[in-house]
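Coordinates in review
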Amino acid sequence: MGDVQLRGNGRKDGQPRRGGLRGALGGMVLLVALALATAACGGGSPPATGGSPAGGAGGAAQGAGTIVDGLYEEPDLLNPTIGANMTYSTLVELTMFPGLFTVDDHGRLIPDLATEVPTVQNGGISKDGLTYTFHLRDAKWSDGQPFTAQDVDFTWRFIMNPKVAPRTTAGFDHIASSKMIDDHTIQFRLKEPFAPFASAWVAPLILPYHVFKDLSPDQYMTAAYNKAPTVTLGPFKFKEWKSGDHITVVANPDFWRGAPKAKEIVFKIIPDQNSLLAAMQSGEVNVYYFAPITQLAQLKAIPGAQVVVHPQLAYESAVLNLRNPILQDVRVRQALEYGLDRDVLVKDVWKGMGTTVAGDQPPGSWAYDPGLKPLPYDPAKANQLLDEAGWKKGADGYRYKNGQQLKLTYSTTAKNPWRAQTEQIAQAQWKQLGVNLQIRNYDATTYFGTILPKGQFDIGEYMYTNAYDPYFGTQVQYATGAPSNFGKYSNAKVDQLLAMQLRTPDQAQRKAIYAQLERILAYEDPPALFYYSPMEIDVSRGIDGYKPGPVLPDTWNSWEWALKTK
């Protein structure tokens, strides 16, 4: 979500991530390539970055100073395995929850709680691609309990428990069995080869078994821990969450890389991007993640501001709700595509700093097909399709069918100037077709927590950040019955192709299968209106160590953040 970053960590902005809703931008190529390499060829693991892998650096020097991070959207939960998979939830969770692996600012998959990325060559993956062995580091939970293979085993079982509504089961649903070899070694046997399996274990992720072991599965979704995770394993520990105001995390001196450089981080909730700009200008906040293009010049003018503009593995789109019988007619969906000028969206809304996309794979993904172009702006073709679908123009200029007006509701996050501009363009252009478009926006928590999951929309715009492998984003949004399939899309051929590409370790073959899949999503049976992949704008002021990357939100290395000395 800002938007959904689905675990796909997509990010939703909302951005879904882990593959999230905004869920995993840019750098996906490297991650995927690495994941495939682990399955097919093996190869060395990139080194862990930062800190000292001390195996529990108790007594390390305490960090200094408070860093204030401005949040445009308030998280729904702080358990990284459940909830709406909002980017801004992930942004906070990354400071407290490691994974077995993480993704650095170059888009590389690197070890986190695991000591190495498994490969065939290092023995981490069996030659048949069915057995994965993860070796774990010495680390302590924030209450002093040791981190063990039991925690890893519990995490996937929690996600797959039928009483849990997970952000995604992708990857974990391929596990046939697990075996704890010892406290620091766990082995997984898969039902069938799953090329991106290691990528499913990327931060934020691991849950404490000893906290949940006395709860029944019926209590998992309502546990106080989901909003107040008092036992964590990352560089920071949970301190408090004052709804509508802030979330505070404090330094964890026992973090396995050593104590973080800051004493605490306050995530200040400011659900208005103009107010966030003012807070950055005044020095009230040190970090502003995912700023809109409309503020770029003003942000660059702030003395001492570090403005990072970089590609991301994200795309802006508007999902179509197929619960609405009007949108079940593919001719109506195609007419909306032909009737909206996406080049204007890039030029006027994103000031030229974006690339139009036809499907859910943005440039930078190895599955991206540059030959797959969006349907052209062609109002005549759009009108023809609506005529064929039986929607005839009335005297008032709107279309009717069996006495029903062609009226649709467009929703997204409120107080977002560039999304508001997109809505105005769509409303004006579709009115020319005879579509009565109503606009109804919501605060991010309501939008991602209720409106999208409950299908209370016709057209719902958000940004999705792809994950470490293209599979995670496509599966979680467009596979039949998937957790973030907000539009209730179901296409047997899409499901078949998604399953087929997972069984082949060869990336070229997977890409060819993806090409078939993307053409269905773009032309034949579109589940969404795919707009563009924008550049990402991140800003910091007064801190060192800020290194936003293409995949995870900018807090991926929060242990390195430090207030600058004057």
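Predicted, not measured: the structure shown is a model, and the values here were computed from it.

Quick notes on the pattern of salt bridges
Applying the stated criterion to the full structure yields 18 salt bridges. Between Asp-112 and Arg-257 there is a salt bridge whose closest N-O contact spans 3.5 Å. Pair noted here: Asp-112 is in the loop between strand E7 (109-111) and strand E8 (131-135) and Arg-257 is in the loop between strand E12 (246-251) and strand E13 (264-269), with a separation of 145 residues, a long-range link. Accessibility assignment for this pair places Asp-112 and Arg-257 in one class, buried. Here Glu-560 and Lys-547 are joined by a salt bridge, their closest N and O atoms 3.4 Å apart. Placement of Glu-560 in the loop between strand E26 (543-544) and strand E27 (562-563) and of Lys-547 in the loop between E26 and E27 is noted, with a sequence separation of 13 residues between them.

A short note on the sheet that holds strand E19 (residues 399-401)
Reading across the sheet, the three strands line up as E18-E19-E20 and stay open at both edges, with antiparallel pairing between neighbours. Two strands in the sheet have a free side with no partner beyond their single neighbour: strand E18 (392-393) and strand E20 (404-405).

Things to note about the side chain of Asn-485
In this fold, Asn-485 is placed in the loop between helix H13 (470-478) and helix H14 (492-502). Judged by relative accessible area, which is 6%, Asn-485 ranks as buried. Reaching out from Asn-485, the side chain makes a polar contact with the backbone oxygen of Tyr-489 at a distance of 2.7 Å. Once residues lying within four places of it in the same chain are set aside, the contact partners of Asn-485 are Val-476, Gln-477, Tyr-478, Ala-479 and Thr-480.

Quick notes on the nonpolar core
By size, the foremost hydrophobic cluster in this structure holds 165 residues, and its most contacted members are Leu-100, Phe-101, Phe-134, Trp-201 and Trp-430. For this core, the element with the most residues is helix H3 (residues 149-160), which contributes six residues. If near-sequence neighbours (up to four positions away) are discounted, Phe-134 is found in contact with Leu-100, Phe-101, Pro-118, His-184, Thr-185, Ile-186, Phe-188, Phe-197 and Trp-201.

Some remarks on the packing of H13 against helix H15 (residues 507-524)
One way to put it is that H13 packs onto H15 with a least axis distance of 13 Å and a crossing angle of 30°. As for how H13 packs across H15, the hand of that crossing is left-handed. Contact residues: Pro-470, Tyr-471, Thr-474 and Tyr-478 in H13; Arg-510, Tyr-514, Leu-517 and Leu-521 in H15. Of the residues assigned to the contact of H13 with H15, the class counts are six nonpolar, one polar and one charged.

Observations regarding empty space enclosed by the protein
One number sums up the size of the largest cavity: a volume of about 90 Å³. Its residues assigned to classes, the lining of the largest cavity comprises eight nonpolar, four polar and two charged. By volume, the second largest cavity is sized at about 50 Å³. If you go around the second largest cavity, the residues you meet are Val-357, Ala-358, Gly-359, Gln-361, Ala-367, Tyr-368, Asp-369, Leu-372 and Glu-518. Considered class by class, the residues forming the lining of the second largest cavity number five nonpolar, two polar and two charged.

Details of the sheet that holds strand E21 (residues 407-411)
Hydrogen bonds between backbone atoms are what pair the strands of a sheet, whose relative direction is either parallel or antiparallel. What the six strands build is an open sheet, ordered E17-E24-E16-E23-E21-E22; its pairing is mixed. Each having just a single partner strand, strand E17 (354-356) and strand E22 (436-439) make up the two edges of the open sheet. Neighbour-to-neighbour, the strand axes of the sheet open up by a mean angle of 25°, direction not taken into account. Both E17 and strand E24 (residues 528-534) contribute to a ladder of three bridges, which runs antiparallel.

Thoughts on the side chain of Thr-155
By secondary structure assignment, the location of Thr-155 is in helix H3. You can call Thr-155 buried: its relative accessible area is 0%. In contact with Thr-155, not counting residues within four places along its chain, are Thr-81, Leu-205, Ile-206 and Leu-207.

Section: the environment of Asn-85
By the secondary structure assignment, Asn-85 is in the loop between strand E5 (66-71) and helix H2 (87-93). On the accessibility criterion, Asn-85 (0% relative accessible area) is buried. Between the C-alpha atom of Asn-85 and that of Thr-168, which follows or precedes it by 83 residues, the distance is 8.7 Å.

A look at the environment of Val-164
Note on placement: Val-164 falls in the loop between H3 and strand E9 (175-182). Sequence separation between Val-164 and Tyr-220 is 56 residues; the distance between their C-alpha atoms is 6.7 Å.

Here's the deal with the layout of surface pockets
The calculated volume of the largest pocket comes to roughly 300 Å³. Of the residues belonging to the lining of the largest pocket, the class tally is eight nonpolar, six polar and five charged. In this structure, the second largest pocket encloses a volume near 150 Å³. Lining the second largest pocket we find Tyr-72, Glu-73, Glu-74, Ile-269, Pro-271, Ala-414, Lys-415, Tyr-442, Asp-443, Ala-444 and Thr-445. A breakdown of the residues in the lining of the second largest pocket according to their chemical character gives six nonpolar, one polar and four charged.

Here we look at helix H5 (residues 273-282)
Of all the residues in H5, the buried ones are Gln-273, Leu-276, Leu-277, Ala-279 and Met-280. The buried residues of H5 occupy one face: seen down the axis, they fall within an arc of 160°. Regarding H5, its N-cap is Asp-272, as a side-chain oxygen of that residue lies 2.8 Å from the backbone nitrogen of Asn-274 further along. Gly-283, located one to two residues past H5, shows a positive phi value of around 90°.

Some details on the packing of helix H8 (residues 330-338) against helix H10 (residues 379-388)
Running from N to C, H8 and H10 cross one another at 165°; their axes reach a closest spacing of 8 Å. Taken as axis vectors, H8 and H10 run roughly antiparallel relative to one another. As for the relative orientation of H8 and H10, their crossing is left-handed in sense. Together, Arg-331, Val-332, Gln-334, Ala-335 and Tyr-338 of H8 and Pro-379, Lys-381, Ala-382, Leu-385, Leu-386 and Glu-388 of H10 make up the contact between the two elements. Across the contact of H8 with H10, the residue classes break down as seven nonpolar, one polar and three charged.

The rules we used
- Residues numbered from 1 in each chain as written.
- Predicted model: local features only at pLDDT ≥ 70, side-chain atom pairs only at ≥ 80, totals over all residues.
- Heavy atoms only, no water.
- Salt bridge = Lys/Arg side-chain N within 4 Å of Asp/Glu carboxyl O.
- Helix = DSSP H or I, 4+ residues; strand = E, 2+ residues; numbered from the N terminus.
- Buried < 20%, exposed > 50% of the residue type's maximum accessible area, 1.4 Å probe, protein only.
- Pairing = 2+ DSSP bridges.
- Polar contact = N/O pair within 3.5 Å; in protein donor to acceptor, adjacent residues only side chain to side chain.
- Contact = heavy atoms within 4.5 Å.
- Core = buried A, V, L, I, M, F, W, Y, C linked by side-chain atoms within 4.5 Å.
- Axes fitted to C-alpha atoms, helices over the stretch in contact; angles between N-to-C directions.
- Left-handed = near helix turned anticlockwise from the far one by under 90°.
- Nonpolar A, V, L, I, M, F, W, Y, C, P; charged D, E, K, R; others polar.
- 1 Å grid on protein atoms, 1.4 Å probe; cavity = no way out; pocket = protein on both sides within 12 Å on 5 of 7 lines; lining within 4 Å.
- Points joined across faces, edges and corners; volume = space filled by probe spheres on them.
- Arc of directions from axis to C-beta.
- Parallel < 35°, antiparallel > 145°, perpendicular 65-115°, else oblique.

So far we have only geometry, and geometry alone does not tell us how the molecule works.
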